[in-house]
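Survey of secondary and tertiary structure
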Amino acid sequence: MPYPVNIENQLAGGLLRINWDDGIEQYLSHSLLRSRCQCADCKAIRSHSKAELLVQADIGLTEIRLIGHYGIQLIFSDGHARGIYPWPYLRIISDPNGAM
């Protein structure tokens, strides 16, 4: 499984840039990441509504916390901080407005 070698929070553009050790550069919007949160509450909401979470267009990623070699915890401007994003999950998320 590819492993990230660099992670950059591009606040002005609302993007998270990940450079993977296999040469792939990935851009994920903050709003996409928030809508794809895997915490129990967000999963339950998506399960009941059968749709993606609706998030504010101007949602921002305020902090990134490394969770060992497993992945990252993302903290958003709406106060949500419960989701952990494992490396394999981040790798498969694709942004319709960005590149993978």
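Okay, so let's go over this structure. Because the structure is a prediction, the values reported are computed rather than measured.

Here we come to the overall build of the chain. Scanning the chain for helices and strands turns up three helices and six strands. When the helices and strands of the chain are read in sequence order from the N terminus, they spell out β-β-β-α-α-β-β-β-α. In terms of C-alpha radius of gyration, the chain reaches 13 Å, essentially the compact-globule figure of 13 Å for 100 residues. In terms of its C-alpha atoms, the chain occupies a principal-axis envelope of roughly 35 × 25 × 25 Å. When the 100 residues of the chain are sorted by exposure, 40% land in the buried category. Contacts in the chain between residues at least 24 apart in sequence constitute 38% of all its contacts with a sequence separation of at least 6. Carbon together with sulfur atoms contributes 55% to the accessible area of the chain, which is approximately 5600 Å² in total. If the 9 positive side-chain charges of the chain are averaged to one point and the 10 negative ones to another, these points end up 8 Å apart.

Here we come to the sheet that holds strand 1 (residues 4-10). Backbone hydrogen bonds hold the strands of a sheet together, and the pairing may be parallel or antiparallel. Pairing is antiparallel in the open sheet, where three strands are placed in the order 1-2-3. With partners counted over all chains shown, the strands left at the sheet margins are strand 1 and strand 3 (25-29), one partner each. Each adjacent strand pair in this sheet contributes to an overall mean axis angle of 15°, direction not counted. Direction of pairing for strand 2 (residues 15-20) relative to strand 3: antiparallel, over a ladder of five bridges. Pairing of Arg17 across the sheet is with Tyr27, part of strand 3.

On to the sheet that holds strand 6 (residues 84-86). One open sheet holds the three strands; their spatial order is 4-5-6, and the pairing between them is antiparallel. Where the open sheet ends on each side, the last strands, each with one partner, are strand 4 (61-67) and strand 6. Averaged over all neighbouring strand pairs, the angle between strand axes comes to 30°, with direction disregarded.

Okay, the nonpolar core next. Of all hydrophobic cores here, the largest spans 20 residues; its most connected members are Leu33, Tyr85 and Leu90. At the level of elements, strand 2, helix 1 (30-35), strand 5 (71-76) and helix 3 (87-92) are the ones that each hand at least two residues to this core. Apart from residues no more than four positions distant in its own chain, Tyr85 is found in contact with Leu33, Arg34, Arg36, Cys37, Gly71, Ile72, Leu74, Phe76 and Leu90.

A word on the pairing of strand 5. With six of six residues buried, strand 5 lies mostly within the body of the structure. Relative to strand 5, strand 4 is paired through six bridges, and the arrangement is antiparallel. Across the sheet, Ile67 pairs through a bridge with Gly71, a residue of strand 5. Turn length for the strand 4-strand 5 hairpin, with the two strands adjacent in sequence and antiparallel, is three residues, and the turn residue Gly68 shows positive phi of about 55°. Summarising the sheet, strand 5 and strand 6 pair through three bridges and their orientation is antiparallel. Paired with Gln73 across the bridge in strand 6 is Ile84.

Calculation rules
Residues numbered from 1 in each chain as written. Predicted model: local features only at pLDDT ≥ 70, side-chain atom pairs only at ≥ 80, totals over all residues. Heavy atoms only, no water. Helix = DSSP H or I, 4+ residues; strand = E, 2+ residues; numbered from the N terminus. Rg over C-alpha atoms; globule rule 2.2 N^0.38 Å. Buried < 20%, exposed > 50% of the residue type's maximum accessible area, 1.4 Å probe, protein only. Contact = heavy atoms within 4.5 Å. Areas by Shrake-Rupley, 256 points an atom, 1.4 Å probe, with all protein chains shown as cover. Lys, Arg positive; Asp, Glu negative; His and termini not counted. Charge placed at Lys NZ, Arg CZ, Asp CG, Glu CD. Pairing = 2+ DSSP bridges. Axes fitted to C-alpha atoms, helices over the stretch in contact; angles between N-to-C directions. Core = buried A, V, L, I, M, F, W, Y, C linked by side-chain atoms within 4.5 Å.

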